[in-house]
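Geometric and topological summary
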Amino acid sequence: VVMEPLLGERLVNPPAVVQAIWDSDGRGRTPAEWGFDWLWNKPQVTVALSGMSTMQQVEENIASASRSGTNILSEADLALVARVRDQYQQLCPIPCTDCKYCMPCPNGVNIPHNFGMFNNGAMYDKWEDSRKWYTGGRFPEAERASACIQCRECEDKCPQKIEISQWMPYVHQVLGEGKPHEQGVCP
């Protein structure tokens with residue numbers, strides 16, 4: 001059983017450099033199709049718990065499941081998926097899927113939202129947009145990364161095993177104080 005197979009929709013709306021890799025295949029398949037086919041290709045996967053917010057997404061997921069099966073991807077397909085995975089890993093510093101299992105934070109920090117703003121800045125190279133959201137009054141100060149007291153209560157709940165208490169001060173430095181983020185740097 002796989003939860004959030006499209007990584008909280010990050011696989012559906014990829015950054016331009018990732019989309020270019022998908023497009024290099026030439027078959028016009030969507031990133032969601034690739035993601036589901038990769039998942040269905042695994043013999044150990046029998047159920048995918050995918051969030052859907054439109055009827056079109058429901059229909060696409062049903063179509064994907066109806067053509068599912070193990071070994072449906074060729075070696076070339078798997079190599080393409082590996083290239084995309086490597087690109088995402090280079091772009092996305094925090095592997096948060098917005099599952100919210102870390103919530104509620106006993107100190108009121110909105111952990112997934114902080115990580116989402118940070119990752120969007122990194123993945124789409126839109127740091128100024130992320131900084132505006134973080135400091136511009138739309139995001140309550142009490143929910144910002146700066147409110148983290150590093151109690152680590154959230155870390156035991158995180159299925160991605162993210163060292164949240166290490167990331168929060170860094171997220172605040174980059175988004176709240178304007179410190180530049182160096183790609184590949186993890187606190």
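Up top is the structure these notes are about.
Definitions and limits used
- Position numbers for residues start from 1 in each chain and track the written sequence from start to end.
- Only residues with pLDDT of at least 70 are given local features in this predicted model, and only at 80 or more are side-chain atom pairs given and counted; all residues enter the totals for whole chains, interfaces and linings.
- As a convention, hydrogens and water are excluded, and side-chain values are obtained from all of the structure's heavy atoms.
- The helix count covers DSSP runs of H or I at least four residues long, the strand count covers runs of E at least two residues long, and both are numbered beginning at the N terminus.
- Throughout, radius of gyration means the C-alpha value; the globule benchmark is 2.2 Å times the number of residues raised to the power 0.38.
- Under the scheme applied here, a residue whose accessible area is under 20% of the maximum for its type counts as buried, over 50% as exposed, and between as partly exposed, the area being computed with a 1.4 Å probe on protein chains only.
- The method behind every accessible area is Shrake-Rupley, applied with a 1.4 Å probe, and residues are considered shielded solely by the protein chains displayed.
- The positive count covers Lys and Arg only, the negative count covers Asp and Glu only, and His and the chain ends enter neither.
- The location of each charge is read from NZ of Lys, CZ of Arg, CG of Asp or CD of Glu.
- To define a nonpolar core, start from buried Ala, Val, Leu, Ile, Met, Phe, Trp, Tyr and Cys residues and group those joined through side-chain atoms within 4.5 Å.
- In this analysis, two residues are considered to be in contact whenever any of their non-hydrogen atoms come within 4.5 Å of each other.
- When two rings of Phe, Tyr or Trp (its six-membered ring) have centres within 6.5 Å they constitute a pair, described as stacked for plane angles under 30 degrees, edge-to-face for angles over 60, and tilted for the intermediate range.

With that out of the way, let us pick up the overall build of the chain. Counting its secondary structure elements, the chain contains seven helices and two strands. Ordered by position in the sequence, the α and β elements of the chain form the string β-α-α-β-α-α-α-α-α. In terms of overall size, the chain behaves like a compact globule, its C-alpha atoms giving a radius of gyration of 18 Å where 187 residues would be expected to give roughly 16 Å. If one aligns the C-alpha atoms of the chain with their principal axes, the spans along those axes are about 45 × 30 × 30 Å. Burial analysis of the chain (187 residues in total) assigns 39% to the buried set. Only carbon and sulfur atoms are counted for the fraction: they give 52% of the accessible area of the chain, which is about 10,500 Å². Looking at charge distribution, the chain has the averaged site of its 17 positive side-chain charges lying 1 Å from that of its 23 negative ones.

We now examine the nonpolar core. Grouped together as the largest cluster of nonpolar side chains are 26 residues, with contacts concentrated most on Ile111, Phe115, Phe118 and Ile164. In this structure, phenylalanine 118 is in contact with Pro93, Ile94, Trp127, Trp167, Tyr170, Val171, Val174, Leu175 and His181, ignoring residues within four places of it in sequence. With 19 residues, the next largest nonpolar core counts Val18, Trp40, Val84 and Leu91 among its residues.

Bringing the packing of aromatic side chains into the picture now. According to the stated counting rule, one finds six aromatic pairs in the structure shown. Both rings, one in tryptophan 22 and one in tryptophan 34, keep their centres 5.2 Å apart while their planes meet at 15 degrees; by these two values the pair is stacked. Taken together, the positions of tryptophan 22 in helix H1 (residues 16–23) and tryptophan 34 in helix H2 (residues 31–40) put the pair twelve residues apart, joining distant regions of the chain. Across the pair, tryptophan 34 and tryptophan 22 agree in class, each one buried. For the ring pair tyrosine 134 and phenylalanine 139, a centre distance of 6.0 Å and an interplane angle of 50 degrees mean the geometry is tilted.

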